[in-house]
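# Observations on the model geometry
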Amino acid sequence: EKALAVNLDPTIYGSFAEIGAGQEVSRTFLQAGAAAGTVARSMSAYDMRMSDVSYGKAKRYVTNERLQQMLTGEYEECEKCIRETKGDECRFFAFASTLAAKAYLSDRECEGWVGVTYQHEAGQPRSTVSLHVRMRDPTAEIQGEAIGVLGTNLIYLINNTMDPYLIATFLLDGLDLNDGIEFGRLEIDYINFEGPAFPEGSWDPRLLAMRMVQLRLANAVLLEPDEETGKYRQVVPNNSLYKRPLIVQRSRFAPVTNMHQEVMEACQKRLAKDLEEGAKPILQMLNLQVDDLTPPRKLVETEQKMKNMRAMVEGDLNGDGHIDLQELEAMVGDRMKKEEVNDIFASLDIENTGKVSIDALFSISDASFVAREFIDRFAMLEPLRYPVLISNIRRTHKLAAYLRRYTNQKIAIAVGGGGFCIQRALFDTNAYRNTEGGMLEAFGRLFSPGKTQVFTYPNIGPEGDIMQATMPEGPEKLLYDYLVERGGIVPLETEYMSLSAQDAASNQALRLGSTEVRELIRTGSPDWEQYVPEEVVDIVKTRQWFDRVSHGEVFAKTVYQFLASL
């Protein structure tokens, strides 16, 4: 239906170039009917030399560089050959993909690039949408089918909207997210929009990354500060993490503290000791967890999203763009107790107006509560200039598995400080209820390759005394001792701590973690500032997150769950 709708639009016309995973996108449009109204040509230059004839030489062929060469070549060919006959009112486009699909007797990663360049209005310069995808189906044939759905969605969406968040929302429409493959059939871990259809300020790479994780396009998206602009941008993990030793610190960073920085630097010193001469530089990375902002899979499937949208519109009985308590109760129905609905509404009605904006509840832009919460958390991290991995990956062994896709070097998971309890963080048996083999299977997956370690930073007590993190008790203590003996868990010695951290006379600023700092903010104590990096203090003060915490209005877990369900 989508391909036919595009084919029946007389204002858009273009070409398709697909390498790897078949030619399923052009096939979809050719078989939909009325293809002569849309398809100028469809080609696939599998031979590298033939591809070079069409698009020029490339160092590597499954890259963003090659995708852009293909898009430019196809688009310019349309302009050169058929502009005169089609006229200035026709909007040209070029779709391209360069993919490494499942190959015979090969276990290479199945990934690649998909994109479209097009005129959003007649006579305008072209705009471009570029995606990096990973294909998880077991055969090239069904990988091609999935790419066919993705490409069709992409062309349909750019022909109907210029909202980057809306385009991302429906990219995987028609692909079952619950098909038994852990990460879904396709992962889209990088999206970039450029050109006049997407002017500066129309989208935020940080918020888009969070939406990609929320919508299950990917379980993680990596961002790095741009050297020229200083702003954070999405990057492809294949490139940034390739064969790099890694240090990863996981948290919700609400807020980031001096201890986070101290732990990172101490782990850097410890990991450097183990690296061979000539190894690539260590990459220090923060893993910003947004699992509390991520809805269950079933709630992000297209049918459910559309149902939620209709319910929200119908619930706004007077059409003023706001929901009052009675309207919210009617919309929720018997899914929640009346007292729960009242509590949630009271939390969301921050200005005590008796109503809540639909945009604040449901918008996929920066107008929503969830978006503002995320942007506030991210802004507090930016002065530290670390790469940030946005993820909904809850378990440490699954994070390690994700990172090992991209590097064969040592990975150090950095933990500790701020009253850290290793029993709660790693040895809580309840946390592994959904893992078939429980804690033992999880630890086997975490430590089995021998290149993943957990570095535990000592705790600093209220008086500045240094002590190891609280140990597990009972049978878990035996497992802990075994993992320490085998080098899986590495308690950091004081020699790796900074000199100021080692001395009780100077380590006051390192004695509290995020939880304790939030409590100081909530009670109105100005002392919180000494526990947060100096360059972060002013940023924290300007965020709405700070206003909510300081007024005791932090959302309860049930509120986040309700917002995520929308």
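Calculation notes
- Residues numbered from 1 in each chain as written.
- Predicted model: local features only at pLDDT ≥ 70, side-chain atom pairs only at ≥ 80, totals over all residues.
- Heavy atoms only, no water.
- Salt bridge = Lys/Arg side-chain N within 4 Å of Asp/Glu carboxyl O.
- Buried < 20%, exposed > 50% of the residue type's maximum accessible area, 1.4 Å probe, protein only.
- Helix = DSSP H or I, 4+ residues; strand = E, 2+ residues; numbered from the N terminus.
- Axes fitted to C-alpha atoms, helices over the stretch in contact; angles between N-to-C directions.
- Parallel < 35°, antiparallel > 145°, perpendicular 65-115°, else oblique.
- Left-handed = near helix turned anticlockwise from the far one by under 90°.
- Contact = heavy atoms within 4.5 Å.
- Nonpolar A, V, L, I, M, F, W, Y, C, P; charged D, E, K, R; others polar.
- 1 Å grid on protein atoms, 1.4 Å probe; cavity = no way out; pocket = protein on both sides within 12 Å on 5 of 7 lines; lining within 4 Å.
- Points joined across faces, edges and corners; volume = space filled by probe spheres on them.
- Pairing = 2+ DSSP bridges.

### Remarks on the pattern of salt bridges
What the rule picks out here adds up to 25 salt bridges. For the salt bridge of Asp204 with Arg206, the shortest nitrogen-to-oxygen distance reads 2.6 Å. For the pair formed by Asp204 and Arg206, the shared burial category is buried. Between Glu529 and Lys541 there is a salt bridge, with the nearest N and O atoms lying 2.9 Å from each other. Here the residue Glu529 occupies a position in the loop between helix H20 (514-522) and helix H21 (534-542), and Lys541 occupies one in helix H21, the gap between them amounting to 12 residues. Judged by relative accessible area, which is 36%, Lys541 ranks as partly exposed. Overlapping salt bridges, with partners in common, bring together Glu109, Arg134, Arg136, Glu187 and Arg405 in one network.

### Things to note about the packing of helix H7 (residues 205-214) against helix H14 (residues 369-381)
Where H7 contacts H14, the axes come no closer than 10 Å and their chain directions differ by 120°. Classified by the angle their axes make, H7 and H14 are oblique. The two elements H7 and H14 cross, and the hand of that crossing is right-handed. Contact residues: Arg206, Leu207, Met210, Arg211 and Gln214 in H7; Val370, Ala371, Phe374, Ile375 and Phe378 in H14. Its residues assigned to classes, the contact of H7 with H14 shows seven nonpolar, one polar and two charged.

### With respect to the layout of surface pockets
Each pocket or cavity is described by its volume, and for the second largest pocket that value is around 580 Å³. Around the second largest pocket, the lining is made up of 22 residues, and of these Glu200, Trp203, Pro205, Lys231 and Tyr232 lie nearest the centre. Looking at the lining of the second largest pocket, the elements that each hand over two or more residues are strand E6 (186-194), H7 and strand E8 (232-235). With five residues, E6 is the single largest residue contributor to the lining of the second largest pocket. The class makeup of the residues in the lining of the second largest pocket is eight nonpolar, five polar and nine charged.

### Quick look at the sheet that holds strand E15 (residues 452-457)
Taken in spatial order, the eight strands make up an open sheet running E8-E7-E13-E10-E9-E14-E15-E18, and their pairing is mixed. The sheet is open, and its two edges are formed by E8 and strand E18 (489-491), each paired on a single side. Going from strand to strand, the sheet's axes swing by 30° on average, the running direction of each strand aside. In terms of strand pairing, strand E14 (residues 411-416) meets E15 through six bridges, oriented parallel. Note on E15: the bridge partner recorded for Ile411 is Thr452. The strands touched by H14 are strand E7 (220-225), E8, strand E10 (283-289) and strand E13 (388-391); relative to E10, the strand with the most contacts, the crossing angle is about 160°.

### A word on the environment of Asp163
Take Asp163: it is sitting in the loop between helix H5 (140-158) and helix H6 (164-169). Residue Asp163 is classed as partly exposed on the basis of its relative accessible area, which comes to 30%. Taking the C-alpha atoms as reference points, Asp163 and Ala197, 34 residues apart in sequence, are found 8.9 Å from one another.

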